[in-house]
Amino acid sequence: MLGWLAVVTVMMGIFSIVTTEILPIGLLTSIGSSFTISDGTAGLMMTMPGYLAAVSAPTLTVATARLDRRVMLCAFMVLLAAANFLAAAAPAFWVMLISRVMVGITIGGFWSIAAGLAERLVPPGSVTRATAVIFSSVPLGSVLGVPAGTFIGDLAGWRVSFVVMGALTSAVLAATVAFVPRLPAEQVTRLSVLRGMFRSTNTRVGLLLTFLVVMAHFGTYTYVTPFLEQVTHVGSSMITVFLLTYGVAGIAGNFAGGAIVGRYPRATFGAATAMIACATLLLPVLGGWDAGALVLLVIWGIGYGTIPVCSQTWFLKSAPHAPEAASVLFTASFQATLSTGALVGGITVDHTSPSTVMVLGGMAAVLMVVTVWMHFAKRVPWPENA
């Protein structure tokens, strides 16, 4: 029982991180108006945390390799709470960006440690289910975090949304102290271990797949609010409903993908990305109607809800002997690409339109599907089966 309380606590920690990271998506136009900046410039709030996370994931994991992992989880929750409260009080956009730097450091350190903890918290027969529970925090951040943050922002202002996140993070800190057991370092993650992972063909392919699919998703989803406002022409209250529907679909995708990805990692990865490609390419065509946009967001949500568990499983299968190193590689590649996608999407939306962003993202997703198919055709074995 205590093991599952710890799993839920870790899940809530990642939920707090994911929600804080993507909270600006639903509040993008409000924050941009408050600081008198464009949507593309406001997108820097999404760009900065990811790049910092990509650097901090290997750096912090190696630097703190011998420290108790529970101590590190608590330290990162303190930093995240401080980042949220600083964002709420930011008098200028540059202060907001400082808070996003703090978020990025937290993402890289916490996620790299937490993503592979399931096997240390529950019996071996429950590891797969516990991993799915931990990663359900990603779509939950979309289901509850972004729509709730948008709703609170509409009612009381975007700053209150960050205050609420700061309070939630403080509660997660208390739960971590109470429920997560001491977790002494078992396998010291060195830079030589990370370098060694690049010798695996599956690892290199996993990096390419993660780059393409995360670029496709965050290059488009970061600007879904401007799309719904300018193309679908829905009001702020309906945007909350649309994002909530997307998030519910994401939870379904997370658990469906978690149930089958262990047996069919390539096929699951490819099918999920095909759904993202379908949704983003068709949004400029059908997204002018409320019903069309809603259906496509459901398809998109199911597809993307599967992606984090697919990517994490891919890296774990590529390096079963070094789960924490695999989590570091997953976190760094995921977050660096998230930032790149948001940056490219921001430049595109400022110079063209939200519809163009959707088409370009869809093309990146199609390229990823082709890459998976080519890799599947070669039938490259996983290291443990080679």
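A. The arrangement of unusual backbone geometry in detail. Even without a glycine there, the phi angle at Thr36 is positive, about 55°. The phi torsion at His233 lies on the positive side, around 60°, for a residue other than glycine. Checked against the element boundaries, His233 lands in the loop between helix 12 (224–232) and helix 13 (236–260).

B. Inspection of helix 3 (residues 44–63) at higher detail. Here helix 3 contains 20 residues, and its C-alpha end-to-end distance of 28 Å stays within 8% of the 28 Å for a straight helix at 1.5 Å per residue. The largest bend in helix 3 is about 35°, located at Ser56, with the proline Pro58 one to four residues further on. Of all the positions in helix 3, only Met45, Met46, Thr47, Pro49, Gly50, Ala53, Ala54, Ser56, Ala57 and Thr61 are classed as buried.

C. Summary view of the nonpolar core. Residues Leu228, Trp300 and Tyr304 are the most contacted members of the largest nonpolar core, which totals 83 residues. Not counting the four nearest positions on each side in its chain, Trp300 is found in contact with His217, Thr220, Tyr221, Val224, Tyr246, Ile276, Ala279, Thr280, Leu283 and Met358.

D. Summary view of the confidence of the model for the protein chain. A residue-level look at the protein chain finds 89% of positions with pLDDT of 70 or above and a mean pLDDT of 81. Every residue in residues 382–386 scores below 50 in pLDDT, and together they form 13 contacts with partners more than four places removed in sequence or on other chains.

E. Spatial organisation of the pattern of salt bridges. The final tally for this structure, using the stated rule, is one salt bridge. A salt bridge links Arg182 to Asp68, with the shortest nitrogen-to-oxygen separation between them at 3.9 Å. Of this pair, Arg182 sits in the loop between helix 9 (158–179) and helix 10 (191–197) while Asp68 sits in the loop between helix 3 and helix 4 (69–89), and the two are 114 residues apart along the sequence. Arg182 gets classed as exposed once you look at its relative accessible area, which sits at 60%. Residue class for Asp68 comes out buried when judged on its relative accessible area of 14%.

F. Broad picture of the packing of helix 12 against helix 13. Between helix 12 and helix 13, whose axes approach to 11 Å, the crossing angle comes to 125°. When the interaxial angle is binned, helix 12 and helix 13 end up oblique. Pair helix 12 / helix 13 crosses with right-handed handedness. Contacts from Val224, Thr225, Leu228, Glu229 and Thr232 of helix 12 reach helix 13 at Ile239, Phe242 and Leu243.

What counts as what
- Residues numbered from 1 in each chain as written.
- Predicted model: local features only at pLDDT ≥ 70, side-chain atom pairs only at ≥ 80, totals over all residues.
- Heavy atoms only, no water.
- Helix = DSSP H or I, 4+ residues; strand = E, 2+ residues; numbered from the N terminus.
- Expected span 1.5 Å × (residues − 1).
- Bend = angle between axes of the 7 residues up to and from the residue.
- Buried < 20%, exposed > 50% of the residue type's maximum accessible area, 1.4 Å probe, protein only.
- Core = buried A, V, L, I, M, F, W, Y, C linked by side-chain atoms within 4.5 Å.
- Contact = heavy atoms within 4.5 Å.
- pLDDT = per-residue confidence, 0-100.
- Salt bridge = Lys/Arg side-chain N within 4 Å of Asp/Glu carboxyl O.
- Axes fitted to C-alpha atoms, helices over the stretch in contact; angles between N-to-C directions.
- Parallel < 35°, antiparallel > 145°, perpendicular 65-115°, else oblique.
- Left-handed = near helix turned anticlockwise from the far one by under 90°.

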